[in-house]
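# Structural features, examined
Listed here are the chains, written in short residue letters.
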Amino acid sequence: MDSRAWKWALISAPVVLSVSACVGWGGYPPAKNVHESQLVGTWRARKCGTTVTLKPDGSASATGIPAEMELDHKVTQRVGGDGTWGVDEFSGEQQLEVVVDNEHIPFDLYRDKGRLLVGLTVGDPDDMNWCILTRHSKTAAHAPTAVQQ
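Residues numbered from 1 in each chain as written. Predicted model: local features only at pLDDT ≥ 70, side-chain atom pairs only at ≥ 80, totals over all residues. Heavy atoms only, no water.

## What to know about the overall build of the protein chain
Let me state the cut-off plainly: Only DSSP runs of H or I reaching four residues or more are called helices, and only runs of E reaching two or more are called strands; each is numbered from the N terminus. Throughout, exposure labels follow a simple rule: accessible area from a 1.4 Å probe, protein chains only, divided by the maximum for the residue type, with under 20% read as buried, over 50% as exposed, and the rest as partly exposed. We call two residues contacting when some pair of their heavy atoms lies within 4.5 Å. Residue exposure ignores everything except the shown protein chains as possible cover, and the areas themselves are Shrake-Rupley values with a 1.4 Å probe.
When its secondary structure is counted, the protein chain shows two helices and eight strands. Taken from the N to the C terminus, the helices and strands of the protein chain come in the order α-α-β-β-β-β-β-β-β-β. Each of the 149 residues in the protein chain was classed as buried or not, and the buried ones make up 33%. Counting contacts in the protein chain only where the partners sit at least 6 residues apart, residues at least 24 apart contribute 48% of the total. As displayed, the protein chain has an accessible area near 9600 Å², and 53% of this comes from carbon and sulfur atoms.

In C-alpha cells form, the structure reads like this:
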C-alpha cells in the first residue's frame, strides 16, 4: 500500500467509526419520541420464534423471547408468560422494557423508513444475536371499529 492509500485509510477510519456509532444494529437509526400508544399491539420476529403483545393497560404477554443463544444463533433458553411493559430511557435513547417471569427484557427501538421496529440483542452484542420484531397487529382496543347504520 502506498503512502497516499495509508493516509486515506487513517483519515477515513475515524469517520466511518463515528458514523456507524450513530446508527443501531442493522443500520437502523434509533427511534426518537416514541409514545407508548405507538407500541400497543402484537409484535413478532418470525426468525426468532418470538411474539410479544403489549396492551394499553401496561400488561404484556410473550412467547419465545430468546434469553440465551449460541454463536450459530441457536436459541438455548426462552422466556414467556404474562407480565408488564413500559418505555424507559437508557443512555439517552428510549427502550421498551418487558417484564415477564421476573425477567427484565430491554428492547431497543428503531426506525426503518418511518416504520417502528423493536430490536432485541441476546447476550453479548459482539455475537450479533439479534431479533427484529415488527408489528403484526394492533390490539382491539386501538383498532378502528365499524359504525353500524
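## A short note on the environment of Leu54
Position of Leu54 among the secondary structure elements: in strand E2 (residues 50-54). Considered as a pair, Leu54 and Gly83 are 29 residues apart in the sequence and their alpha carbons are 9.5 Å apart.

## Regarding the side chain of Thr42
Summarising the element assignment, Thr42 is placed in strand E1 (residues 41-45). Among the residues examined, Thr42 registers a relative accessible area of 11% and is labelled buried. Look past the residues within four positions of Thr42 in its chain and what remains in contact with it is Thr51, Val52, Thr53, Thr134, Arg135, His136 and Ser137.

## Side note on the sheet that holds strand E5 (residues 93-100)
For the record, the criterion: The criterion for strand pairing is that DSSP finds at least two bridges linking the strands in question. To get an axis, a line is fitted to the C-alpha atoms, and for a helix only the part in contact is used. The angle between two axes follows their N-to-C directions and goes from 0 to 180 degrees.
Pairing within the closed barrel is antiparallel, and its eight strands lie in the order E1-E2-E3-E4-E5-E6-E7-E8. For this sheet, the mean inter-axis angle between neighbouring strands, taken without regard to orientation, is 40°. Relative to E2, E1 is paired through five bridges, and the arrangement is antiparallel. Each residue of the ladder has a partner; that of Gly41, found in E2, is Leu54.

## Focus on the nonpolar core
The following threshold applies: Side-chain atoms within 4.5 Å link the members of a nonpolar core, which is a set of buried Ala, Val, Leu, Ile, Met, Phe, Trp, Tyr and Cys residues.
Leu39, Leu54, Trp85, Leu96, Val98 and Phe107 are the most contacted members of the largest nonpolar core, which totals 28 residues. For this core, the elements supplying multiple residues, two or more each, are E1, E2, strand E3 (59-69), strand E4 (75-90), E5, strand E6 (103-112), strand E7 (115-121) and strand E8 (130-137). Looking at this core element by element, the count peaks at four residues for E3. Excluding residues within four positions of it along the chain, Trp85 makes contact with Glu36, Leu39, Val40, Leu54, Lys55, Gly58, Ser59, Ala60, Leu96, Glu97 and Val98.

## A look at the pairing of E1
With respect to burial, E1 is a largely interior element, four of its five residues being buried. Counted along the chain from E1 to the antiparallel partner E2, the turn is four residues long, and its residue Gly49 has a positive phi close to 70°. Inspection of the sheet shows E1 paired to E8 by three bridges, in the antiparallel sense. Along E8, the bridge assignment pairs Arg44 with Thr134.

## Some remarks on the pattern of salt bridges
Pairs can form between side chains of opposite charge once their charged atoms are near each other. Operational definition: Take a side-chain nitrogen of Lys or Arg and a carboxyl oxygen of Asp or Glu: if they are within 4 Å of each other, that pair is a salt bridge.
In total, this model carries one salt bridge according to the counting rule given. Here Asp112 ties to Arg115 by a salt bridge, and the two come within 3.9 Å at their closest N and O atoms. You can call Asp112 partly exposed: its relative accessible area is 22%. Under the relative-accessibility criterion, Arg115 is labelled partly exposed at 46%.

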